[in-house]
Amino acid sequence: MQGIIKLSIFQFSLIYLLLLIVLAIMKKSKINQTHLLITASIRMTVQLILAGLILTYIFQTPHPVFVILYIASMVAFSIRRVLSKNKDINRNFKISVSLSLSFSGLSIIIYFISIVVGESIFNPQYTIPIAGMIMGNSMTGVTLALKTFTENIKSQRTKIDTLLNLGATPKKILLPYVNNAIETALLPTLNSMLGMGIVSLPGMMTGQILSGTLPTTAIMYQIAIMIAICTSVCLTVFCSLNFGYKTLYNKRNQITY
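**Student:** Describe the overall build of the protein chain, with residues and values.
**Tutor:** The helix and strand inventory of the protein chain stands at 10 helices and 0 strands. Moving toward the C terminus, one meets the helices and strands of the protein chain in the order α-α-α-α-α-α-α-α-α-α. Overall size of the protein chain, expressed as C-alpha extent along the three principal axes, is 70 × 50 × 35 Å. Split into buried and exposed, the 257 residues of the protein chain put 33% on the buried side.

Below, the structure written as structure tokens:
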């Protein structure tokens, strides 16, 4: 198989012309997000170029410390991103989310690299890209779950107070909202799995095929990473909500919104 074709700076720059289509549609549809599109495009480009330079250095100078620092920064950013989107939850709930995201994500990463792939966890070529996919999807899943949970609690406050007055326990009242949020967070991943191979060829598989990897090998990696992502999202969301919702009520069974 032919190896991946290297793009020149000129060839690469041509992709930005496609943004003119997006800008035209925005203008036609009177969507006032031109500044956001330009900012997002520039920020994405700068961030990925910096990441590319850092990863190039790490790959050329592999050292366990670099891998640990990179993974730690991934985890820290993921936690910060989730909590910044859910500022209203209490301190103990935030701790539950942070610990769940860290423990679940790192556990799945270590299992995938050490057991499934059979490589050292300090091998940056495998650990960093896999960690990025797992932590990124876990972050998105928890953010969606918390948004669903908190919005449902706020919109159903009258119903919840009524049930409390009728003698229902906070656990019995809140658990259905927890389960609903878990289901909502899992749906994007499950729908993505349902359409793979028919509707879409996922990014990891496409990248491997472009680089010259045999499609059969790329398929096995893609199936493995999707199961790992699904498990990580499910475990992270489950732990975050099941430990977190218990911080919303006290020993006298009073719910604190």
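**Student:** Tell me about the nonpolar core, and name the residues and values.
**Tutor:** Core analysis: the biggest nonpolar cluster contains 48 residues, and Phe93, Val97, Ile134, Phe149, Val237 and Leu241 have the highest contact counts within it. Broken down by element, this core gets its largest block of residues, 11 residues, from helix H6 (residues 124–155). Each residue touching isoleucine 134, except ones within four places of it in the same chain, is listed here: Gly105, Ile108, Ile109, Ile225, Ala228, Ile229 and Ser232.

**Student:** An account of the packing of aromatic side chains is requested, with residue identities and associated values reported.
**Tutor:** Aromatic rings considered in pairs are described by the distance between their centres and by the relative angle of their planes. As enumerated under the stated definition, the model contains 4 aromatic pairs in all. Between phenylalanine 12 and tyrosine 16, the aromatic rings sit 5.7 Å apart at their centres with planes inclined by 90°, giving edge-to-face as the arrangement. For phenylalanine 12, a relative accessible area of 39% translates into the label partly exposed. Residue classification places tyrosine 16 among the partly exposed residues on the basis of a relative accessible area of 30%.

**Student:** Explain helix H3 (residues 34–60) to me, and be specific about the residues and the numbers.
**Tutor:** One turn of an α-helix holds 3.6 residues; hence residues three or four places apart share an orientation. Look at H3: 39 Å from first C-alpha to last across 27 residues, which is about the 39 Å you get at 1.5 Å a residue. All of the buried residues in H3 are Leu37, Ser41, Thr45, Ala51 and Ile58. The secondary structure elements touched by the buried residues of H3 are helix H2 (19–28), helix H4 (64–84) and H6.

**Student:** Could you give an account of the pattern of salt bridges, with specific residues and numbers?
**Tutor:** Tallying each qualifying case throughout the model produces 2 salt bridges. Among the ionic pairs, glutamate 151 bridges to lysine 147, the shortest N-O distance being 3.1 Å. On the criterion of helical spacing, the pair formed by glutamate 151 and lysine 147 is a turn pair, its members being 4 residues apart in helix H6.

**Student:** Can you lay out a positive patch on the surface for me, pointing to particular residues and giving the numbers?
**Tutor:** On the surface, Arg43, Arg80, Arg81 and Lys85 cluster together into a positively charged patch. Within the element layout of this structure, arginine 81 appears in helix H4.

**Student:** Any details on the side chain of serine 232? Residues and values, ideally.
**Tutor:** Looking at where serine 232 falls in the secondary structure, it is placed in helix H10 (residues 215–244). For serine 232, a relative accessible area of 0% gives the class buried. In this view, serine 232 contacts Ser104, Gly105, Ile108, Ile134 and Ser138; residues no more than four positions away in its chain are not counted.

**Student:** Pulling in residues and values, what's your account of the state of the cysteines?
**Tutor:** Scanning the entire structure with this criterion turns up 0 disulfides. Free cysteine cysteine 234: the closest other cysteine sulfur is in cysteine 230, separated by 6.4 Å. Taking the relative accessible area as the measure of exposure, cysteine 234 reaches 31% and is therefore partly exposed. Its sulfur unpaired, cysteine 239 is 9.0 Å from the next cysteine sulfur, which belongs to cysteine 234. Overall, cysteine 239 belongs to the buried group, its relative accessible area being 14%.

Calculation notes
- Residues numbered from 1 in each chain as written.
- Predicted model: local features only at pLDDT ≥ 70, side-chain atom pairs only at ≥ 80, totals over all residues.
- Heavy atoms only, no water.
- Helix = DSSP H or I, 4+ residues; strand = E, 2+ residues; numbered from the N terminus.
- Buried < 20%, exposed > 50% of the residue type's maximum accessible area, 1.4 Å probe, protein only.
- Core = buried A, V, L, I, M, F, W, Y, C linked by side-chain atoms within 4.5 Å.
- Contact = heavy atoms within 4.5 Å.
- Phe/Tyr/Trp six-rings, centres within 6.5 Å; stacked < 30°, edge-to-face > 60°.
- Expected span 1.5 Å × (residues − 1).
- Salt bridge = Lys/Arg side-chain N within 4 Å of Asp/Glu carboxyl O.
- Patch = residues over 30% accessible without salt bridge, like charges linked within 9 Å, V, L, I, M, F, W, Y side chains within 5 Å.
- Areas by Shrake-Rupley, 256 points an atom, 1.4 Å probe, with all protein chains shown as cover.
- Lys, Arg positive; Asp, Glu negative; His and termini not counted.
- Charge placed at Lys NZ, Arg CZ, Asp CG, Glu CD.
- Disulfide = S-S within 2.5 Å.

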